[in-house]
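Structural overview
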Amino acid sequence: MATLDDVSVTALKGVGASLAGTLAKLGIVSVQDLLFHLPHRYQDRTRILPVASLRVGDQGVIEGEVTDSKVVMGRRRSLQVSLRDGSGLIALRFFHFNAAQKQQMSVGTRLRCFGEVRRGRAGLEIYHPEYKVVSGEALMPVDDMLTPVYPLTEGIQQNRIRSLCQQALSLLDRYEIKDWIPESVRQEYQFLNINDAIRFLHHPPVDANQHQLLDGSHPCQQRLIFEELLAHHFSLLRLRREMQSHKAIPLPPADDLESALLAPLPFTLTDAQLHVSAEIKSDIQQMIPMLRLVQGDVGSGKTIVAAIAALQAVGSHCQVALMAPTEILAEQHWINFQQWLQPMGISMAWLSGKSKGKQRVEALERIASGEAQVVIGTHALFQPDVRFHKLALVIIDEQHRFGVHQRLALKDKGASGGFVPHQLIMTATPIPRTLAMSAYADLDTSVIDELPPGRQPIETVVIADTRRDQVISRVREACLEGRQAYWVCTLVEESEALQCQAAEVAAAMLTEQLPDLKVGLVHGRMKANEKSAVMDAFKEGHLDLLVATTVIEVGVDVPNASLIIIENPERLGLAQLHQLRGRVGRGSTASYCVLMYHPPLSQNGKERLKVMRESNNGFVIAEKDLELRGPGEVLGTRQTGLMQFRLAELERDKQWLPEVKALAPSLMNNHVIVNALIERWLGNNVQYGAV
Ligand code: ADP
Ligand code: MG
């Protein structure tokens, strides 16, 4: 039997060049692509709901009699129709309507409507419902199965795509969809034939388990979800293989340099640091490029582990690049590395987006000539005019803010002669295991699962900002006892300018209210040298209280600071809060974190702050964050498209991840299957596959 991926959508009735172009934007070229354009939701139009049972956000069918119909003026002119059934009253609102429609919905008419309930001026309302006039005595039947809802793009309507899918389904009788999942696997999981599953999902039969379909747990959906997760996993493994088909410069251990680094330090490495360091050491001795992710909670001491790795490159007369996502974090690394490496005679270069003019030209020259052995900076290091002499190792801090694509751009910055750099990725945001398994399938992972000895757990309290005065006196007491404190301002808007302004206002107020304390201010719009002057003053104890925007989120290390106040914590993600909180608890005194929220808190907000109060463990917090917010936000990869699935939802479908991970390697050598599944599920989205 012929397969449907050879049949163009233009074979369908009503699909000409222009519609085909629109469909192509959705990645739909063949009839098979159309069949894999699966409903992402279903609507239940199989029963008529009593109006009184409706809640905001519900979608459903209602039927009733028009009791009032009028044009109201308000901010936008609209037609407001009141509809009553035996149980209650609801308003329908139309912003676009014509005289005929107004006439049609006059008082006394029976209407059947479908739409989403929202809160409006007149109580519960439905905007622009689909509606039909119910005429005569005959009972109008409701649908006998769930209605599929398809993802759309501009230029194509829901009804259009529904009817195209119906047409495509009818072709399934003559053609078939190739099932790429091996027979043995299908049997193991009792998967249905793919053709049946597809048919079912586009057109669920009357007796389908509607509850399962609506929440994505139906066996037909799960079968395809498995396939989708497998395809994603393949794409990451293929990426890894591709990377590792290149050569890297082998970097033998640099024991002398390492002892020179560690000897003057006031501490010895933890077992976890030693262990991870050994893993890296053995990786980068190989000619195969290392692809390793180091996870470690805030304060677990990742920086020194990175420095040890860097020495291995320096010892082999190669270059290292260390990259951080923000200027301030990169600066912190710059300061640390300068302190550690300069006494050893190692030369360094700095490059950020703010490096301009002569300074930039100079840095670029020193990087290109190889004179700079260790290069530290922000994503500015990705820019095309940055050329290295002999780059053997790239260290990326806080990887989750960089996309896979950016990481790959570094491949080309490797030393000449076809070498690619080893990659070490460090993240302070612990990634839940489930996510790591699917988002980082291309990386080996190491975990620094131990904090240096003597760290005190941080006690977290949640307080409404109505008790601001109390909080301020607590700050005063702590500082008069010789402690130091942070005061962090957050803002909803992404606008850095507004956030800085808020911090300026807070700093002015606190200066006034705390006349006996020295208050400093640091925010992202200050010049680098101003910022570091303030940070230095705080570090050296010349300031008691540091008011800051979330720029201090990562990297700042002042062990004497033992109190942090975070304003409006409800606006931040849990991982970010955990990062911020990690600014304290670095010394040996007991530390406190005050989460000062603005009431009222939503239910979800309450739950999230409760997690912060109850846990100091980054992994627990990250798992909760995933549950409460979803993976896109947790990883910060919304924009990069890394984690976009069509059907799968990591939290709901996580039971498949270990299965997929176990199965993938055995199929990886079957290029036909791998390519077909990647093509089917990721289609044009795998820009990075083609290297
Ligand atoms: P993170 O993993 O959050 O990046 P850092 O590397 O900034 O942590 O380390 C946090 C602090 O702990 C730094 O002051 C660092 O010097 C210190 N530190 C690192 N390793 C140890 C250790 N083994 N014992 C004691 N302190 C350590
Ligand atoms: Mg760090």
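Preceding this paragraph is the structure being described.
Computed from a prediction, not measured in an experiment: that's the story for all the values here. (Residues numbered from 1 in each chain as written. Chains lettered and ligands numbered in written order. Predicted model: local features only at pLDDT ≥ 70, side-chain atom pairs only at ≥ 80, totals over all residues. Heavy atoms only, no water.)

1. Observations regarding the sheet that holds strand 17 (residues 484-488)
With parallel pairing, the six strands of this open sheet are ordered in space as 16-21-20-17-19-18. Two strands close off the open sheet at either side, each with one partner strand: strand 16 (458-464) and strand 18 (519-522). Between one strand axis and the next, the sheet turns through 20 degrees on average, direction left out of account. Sheet topology note: the strand 17/strand 20 (residues 561-567) ladder contains five bridges and is parallel. Paired with W487 across the two strands is I565, which belongs to strand 20. Along the sheet, helix 20 (residues 603-614) makes contact with strand 16 and strand 21 (591-597), crossing strand 16 at roughly 150 degrees. (Pairing = 2+ DSSP bridges. Helix = DSSP H or I, 4+ residues; strand = E, 2+ residues; numbered from the N terminus. Axes fitted to C-alpha atoms, helices over the stretch in contact; angles between N-to-C directions. Contact = heavy atoms within 4.5 Å.)

2. Regarding the site of ligand 1
Of all residues adjacent to ligand 1, which total 16 residues, the nearest are G299, K302, T303, R455 and D557. With respect to ligand 1, the side chain of K302 contributes an N or O atom lying 2.6 Å from an oxygen atom. Expressed as a share of its isolated accessible area of 560 Å², the protein-covered part of ligand 1 is 82%. (Near = heavy atom within 4 Å. Polar contact = N/O pair within 3.5 Å; in protein donor to acceptor, adjacent residues only side chain to side chain. Areas by Shrake-Rupley, 256 points an atom, 1.4 Å probe, with all protein chains shown as cover.)

3. A closer look at the environment of K624
For K624, the location among the structural elements is in helix 21 (residues 618-629). For K624, a relative accessible area of 33% gives the class partly exposed. The contact partners of K624, leaving out residues within four places of it in the chain, are L574 and V611. (Buried < 20%, exposed > 50% of the residue type's maximum accessible area, 1.4 Å probe, protein only.)

4. Considering unusual backbone geometry
Between P599 and P600 the backbone carries a cis peptide bond, its omega angle lying at 0 degrees. Despite not being glycine, H317 shows a phi value in the positive range, around 60 degrees. Counting through the fold element by element, H317 comes out in the loop between helix 11 (302-315) and strand 10 (319-323).

5. Here we look at the nonpolar core
Judged by nonpolar contacts, the single largest core of 64 residues is most densely connected at L230 and F234. The set of elements that each furnish at least two residues to this core consists of helix 1 (17-25), helix 2 (31-35), helix 4 (158-171), helix 6 (194-202), helix 8 (219-244), helix 24 (656-667) and helix 25 (671-681). Of the residues forming this core, the biggest block, nine residues, is contributed by helix 8. Excluding its chain neighbours within four sequence positions, the residues that come into contact with L230 are I181, V660, L663, A664, L667 and L677. L265, L311, I346 and L424 belong to the second-largest nonpolar core, a separate cluster that totals 42 residues. (Core = buried A, V, L, I, M, F, W, Y, C linked by side-chain atoms within 4.5 Å.)

6. Some points on the packing of aromatic side chains
The full count for this structure, using the stated rule, is twelve aromatic pairs. Centre to centre, the rings of Y189 and F226 are 5.3 Å apart; their planes meet at 50 degrees, and the pair counts as tilted. Residue Y189 is found in helix 5 (residues 183-189), and its partner F226 is found in helix 8; the two are separated by 37 residues along the sequence. Ring pairs connect the aromatic residues Y189, F191, F226 and W656, which therefore count as one cluster. (Phe/Tyr/Trp six-rings, centres within 6.5 Å; stacked < 30°, edge-to-face > 60°.)

7. A look at the pairing of strand 6 (residues 123-127)
In this sheet, strand 6 lies alongside strand 4 (residues 89-94) in parallel orientation, the contact comprising three bridges. Residue L92 lies in a different strand from strand 6, and its bridge partner there is I126. Note: strand 5 (residues 110-120) against strand 6, four bridges, orientation antiparallel. Bridge pairing links G120 to G123 in strand 6. In textbook terms, the turn of a hairpin is the stretch between consecutive antiparallel strands, and for strand 5 and strand 6 this stretch comprises two residues.

8. Focus: the sheet that holds strand 11 (residues 348-351)
Taken in spatial order, the seven strands make up an open sheet running 11-12-10-13-14-9-15, and their pairing is parallel. Of all the strands in the sheet, just strand 11 and strand 15 (444-448) have a single pairing partner and so form its edges. The average undirected angle you get between the axes of adjacent strands in this sheet is 20 degrees. Summarising the sheet, strand 13 (residues 391-397) and strand 14 (residues 422-427) pair through five bridges and their orientation is parallel. Note that in strand 14 the partner of D397 across the bridge is M426. Contacts from helix 12 (residues 327-341) reach strand 10, strand 11, strand 12 (374-377) and strand 13, with the element oriented near 170 degrees to strand 11.

9. A look at the packing of helix 12 against helix 18 (residues 528-539)
Where helix 12 contacts helix 18, the axes come no closer than 12 Å and their chain directions differ by 60 degrees. By the angle class used here, helix 12 and helix 18 are oblique. Our pair here, helix 12 against helix 18, has a crossing hand that is right-handed. The segment helix 12 lies against helix 18, with E327, I328, E331 and Q332 engaging A528, K531 and K539. (Parallel < 35°, antiparallel > 145°, perpendicular 65-115°, else oblique. Left-handed = near helix turned anticlockwise from the far one by under 90°.)

10. Considering the side chain of S316
With respect to the helices, strands and loops of the structure, S316 is situated in the loop between helix 11 and strand 10. Owing to a relative accessible area of 18%, S316 belongs among the buried residues under this scheme.

11. Quick word on the pattern of salt bridges
The tally for this structure, following the rule as stated, stands at 24 salt bridges. Ionic pairing is found between E130 and R45, a salt bridge with its closest N-O pair at 2.9 Å. Taken together, the positions of E130 in strand 7 (residues 130-133) and R45 in the loop between strand 1 (41-43) and strand 2 (59-72) put the pair 85 residues apart, joining distant regions of the chain. Looking at E130, the relative accessible area reads 43%, which means it is partly exposed. A salt bridge links E183 to R186, with the shortest nitrogen-to-oxygen separation between them at 3.7 Å. With E183 and R186 both in helix 5, this residue pair falls three residues apart, about one helical turn. Taken together, the shared-partner salt bridges connect D179, E183, R186, R223, E227 and R680 into one network. (Salt bridge = Lys/Arg side-chain N within 4 Å of Asp/Glu carboxyl O.)

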